[in-house]
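Inside the fold
If you want the building blocks of each chain, they are given just below.
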Amino acid sequence: MAEDLVLDIKDLVVHYETEDADVCAVNGIDIQISKKRTLGLVGETGAGKTTTALSILNLIPNPPGVIKNGSIHLDGKDILKMSQEDLQKVRGNDVAMIFQDPMTALNPVMTVGEQIGESIMLHQNISKQEAFEKAKEMLKMVGIAESRAYDYPHQFSGGMKQRVVIAIALACSPQLLIADEPTTALDVTIQAQVLELMKQLIQEKEMAMLLITHDLGVVAEVCEDVAVMYAGRIVEKGTADDVFNHMRHPYTEGLFDSLPNLKQRGEQLVPIRGLMPDPSDLPPGCSFAPRCPYATEACTKSIPPLKSVEGSKTHFVACTAYENPDFSLRRNENGK
Amino acid sequence: MAQTNSTGNTKHVKKRTMLQETWRHLIRNRGAVLGMLFLLFLVGAALFSPLIFDYEKDVIGQNMQDRLMAPCAAHWFGTDEFGRDLFARVIYGARYSLIIGVGSVFLGLIVGTILGSQAGFRGGVVDSIIMRGIDIFYSIPNIMTAVVIVSLLGTSTVNLMIALAFSCASSFARIVRASVMTIRDQEYVESSYAMGLPTWKIIVKHILPNCLSPIIVQITLLIGTTIISASSLSFLGIGVPAPAPEWGALLSAGRGHIRDASYMCIIPGLAIMMTVLALNLLGDGLRDALDPKLKK
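Keep in mind that this is a model prediction, so the values were computed, not measured.

Definitions and cut-offs
- Residues numbered from 1 in each chain as written.
- Chains lettered and ligands numbered in written order.
- Predicted model: local features only at pLDDT ≥ 70, side-chain atom pairs only at ≥ 80, totals over all residues.
- Heavy atoms only, no water.
- Helix = DSSP H or I, 4+ residues; strand = E, 2+ residues; numbered from the N terminus.
- Rg over C-alpha atoms; globule rule 2.2 N^0.38 Å.
- Buried < 20%, exposed > 50% of the residue type's maximum accessible area, 1.4 Å probe, protein only.
- Areas by Shrake-Rupley, 256 points an atom, 1.4 Å probe, with all protein chains shown as cover.
- Lys, Arg positive; Asp, Glu negative; His and termini not counted.
- Charge placed at Lys NZ, Arg CZ, Asp CG, Glu CD.
- Salt bridge = Lys/Arg side-chain N within 4 Å of Asp/Glu carboxyl O.
- Pairing = 2+ DSSP bridges.
- Right-handed = clockwise from strand over helix to strand, strands pointing away.
- UniProt positions renumbered as here; feature names shortened; annotations may be inferred.
- Contact = heavy atoms within 4.5 Å.
- Axes fitted to C-alpha atoms, helices over the stretch in contact; angles between N-to-C directions.

1. Quick word on the overall build of chain A
- A tally of helices and strands in chain A yields ten helices and twelve strands.
- Whereas a compact globule of 336 residues would reach a radius of gyration of roughly 20 Å, chain A reaches 21 Å, a difference of no more than 12%.
- Dimensions along the principal axes, computed over C-alpha positions, put chain A at roughly 65 × 50 × 40 Å.
- The 336 residues of chain A split such that 54% are buried.
- For chain A, the computed accessible surface area is about 15000 Å², with 50% contributed by carbon and sulfur atoms.
- When the 32 positive and 46 negative side-chain charges of chain A are each reduced to one mean point, those points stand 3 Å apart.

2. Here's the deal with unusual backbone geometry
Residues and elements named next belong to chain A.
- Phi is positive for D11, close to 45°, though the residue is something other than glycine.
- Phi angles above zero are rare outside glycine, and A231 is one such case at about 50°.
- Of note, A231 is situated in the loop between strand 9 (225-230) and strand 10 (233-239).
- A relative accessible area of 6% places A231 in the buried class.

3. Considerations on the pattern of salt bridges
- A complete count under the given rule lists 18 salt bridges over all chains for this structure.
- The shortest N-O distance in the salt bridge between D94 of chain A and K77 of chain A comes to 3.8 Å. Here D94 of chain A, found in the loop between helix 2 (84-90) and strand 6 (95-98), pairs with K77 of chain A, found in strand 5 (residues 77-78); they are 17 residues apart in sequence, far enough to count as distant.
- Residue class for D94 of chain A comes out buried when judged on its relative accessible area of 14%.
- On the accessibility criterion, K77 of chain A (38% relative accessible area) is partly exposed.
- Between E118 of chain A and K205 of chain B there is a salt bridge, with the nearest N and O atoms lying 3.6 Å from each other. Residue E118 of chain A is located in helix 3 (residues 112-124), and its partner K205 of chain B is located in helix 10 (residues 199-207); the two belong to separate chains.
- Take E118 of chain A: its relative accessible area is 4%, and that puts it in the buried class.
- Here K205 of chain B falls in the partly exposed class, since its relative accessible area comes to 26%.
- In this structure, a network of salt bridges that share partners links the residues R132, D135 and R174 of chain B.

4. Some points on the sheet that holds strand 4 (residues 65-74) of chain A
Residue and element names in this part refer to chain A.
- One open sheet holds the four strands; their spatial order is 2-1-4-5, and the pairing between them is antiparallel. Every interior strand has two partners, whereas the edge strands, strand 2 (22-34) and strand 5, have only one.
- Pairing between strand 1 (residues 5-17) and strand 4: eight bridges, direction antiparallel. When the sheet's bridge partners are listed, L7 is paired in strand 4 with L74.

5. Overview of the pairing of strand 8 (residues 208-213) of chain A
Residue and element names in this part refer to chain A.
- In terms of residue burial, strand 8 counts as a mostly covered element, since six of its six residues are buried.
- Alternating positions in strand 8 separate into two faces, A208, L210 and I212 on one and M209, L211 and T213 on the other, with burial throughout.
- Judged from the five bridges that link them, strand 3 (residues 38-42) and strand 8 form a sheet pairing that is parallel. When the bridges of strand 8 are listed, L41 appears paired with I212.
- The sheet contact formed by strand 7 (residues 176-180) and strand 8 spans five bridges and is parallel. In the sheet register, D180 faces strand 8, and the bridge partner there is I212.
- For the crossover from strand 7 across helix 6 (residues 188-205) to strand 8, the handedness is right-handed.

6. Examining the UniProt feature "transmembrane region" (unreviewed entry) in chain B
Residues and elements named next belong to chain B.
- Annotation from UniProt places "transmembrane region" (unreviewed entry) at residues 32-53, 96-115, 136-154, 215-241 and 261-283.
- What you have in residues 32-53 is 95% helix and 0% strand, and the ends, taken at the C-alpha atoms, are 30 Å apart.
- Taken end to end, residues 136-154 comprises 84% helix and 0% strand; its first and last C-alpha atoms sit 23 Å apart.

7. So, the sheet that holds strand 9 of chain A
All names here are of chain A.
- Spatial ordering of the open sheet is given by 6-7-8-3-9-10-12-11, a layout of eight strands whose pairing is mixed. Two strands close off the open sheet at either side, each with one partner strand: strand 6 and strand 11 (307-308).
- Against the sheet, helix 6 makes contact with strand 3, strand 6, strand 7 and strand 8, and its axis sits at roughly 155° relative to strand 8, the strand it touches most.

Structure below.
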């Protein structure tokens, strides 16, 4: 499995240094994704998901963003040590990104064919004509008629625009696809279509995907692996089965408690109390401690490291409570 | 895919290139068509006037027997105080006005776009330095700047163009900067970075084309303003050197005869006014036609 590793992030720390404060957006995370697998990065708004994604392309706006520590290896090459020119070769060719809002992610004054062809032309050194032909093929692949390559983005609906954005991202057959909340701006039926399409293309093209979302439903549908992020740290990581059915972290439990359960419709939803901490002023110890129903004195003392869960090779959790072997989450005790 | 039918049905959509599309919208706008026709006529006049008139004989050749004749069959626009046919002079004058107007605006456009896009895109210190410099130029009235530059370089058509280009450059720089600043934060710019495009390509291919409509409107408006400025400078005697029939110079010459031969002022004045009006009408029409959001 290790040879197939497409993305390997180690101990990444990203801060935004403004005049008023040092915003600690990402505080030492590790992420690995192998070929043909999809990792779902889940977390609230402001947990540092997008910052993580942007640092993979070394696109953090600087200033104020600074990558303080860590390494990002893409297919064995360290992104953070690359020259600007090499980076431009990697972006779009080896790693492609799908942005959140398809409405604004397309240039309104270029036809979609040109926009898809642009990246092909850039990375594969072919003529404009050939690139346009390839762009048409890409459109066909995402389920849009080839003849529409001559149209402008305003002539498309939201779901179709997102398909175009996906076509742009996949145009050069990247090894890694980063999808930053690709379905947030779409309605539910279109969401399903787009996710289905992405899943199918990942398998066809043998890519890896990092899917960033706050929607657990989307994760369940698409991802094999899940990492739960809170205040710039990964608090729980594992396969979808590990995290969805055998969750260990109180924050993960909180996320699931806030979702309606189809089997017990009458049950009251329990939101996580309190608010996400200010990333420029994180609490000492575990960042989740002030909101955690299980928090003890020990939680505020030190930051819990990500430890593997007993009896599992894939499941990791960062919680001090498991030092007590008898501890288990309320949700797990009640049975799912 | 299953969705192909719903998303791919394009039987009824006719395919047009962007130019055709713009043209179709432009000719629906009466004002723009009127402006365009007048400008075409003017450009034609400017191009063919050397074929119709002999510069030495008709345009600057004096003929004292025919001085100050009112418009008649032989002299459609009358004659001036040296007996020169005003029609020939006004038509020939279109050459000067158009060359100066278009020339200085495009000179200003190139300089202004480079400065404005750098200021808008880079921001920070670069922005401050460029924009404060431009503000200084902007705070001095156009004509004053032009007077100073022309006095420094000497009076000639080219120097006049350079002088007027300064003020054009500052307005272009401001407009381009403002548009670039709104567009550089758009997601499609970010996504073109993620696609691996180099910065200059992003500016040229993604940012500037989106600033195009204010720039185009500004081009047409500024050509008008510049024609007026050029005429003003000629009126003051520091524009195009003397016997050349620049419209402002014609106005200036007619000033002394405004009581007895008012056509000498009215006709060149009308020529200036109609040209500027035509340019403004065309500019408005182009703005509407080029806006992709207005396309149905």
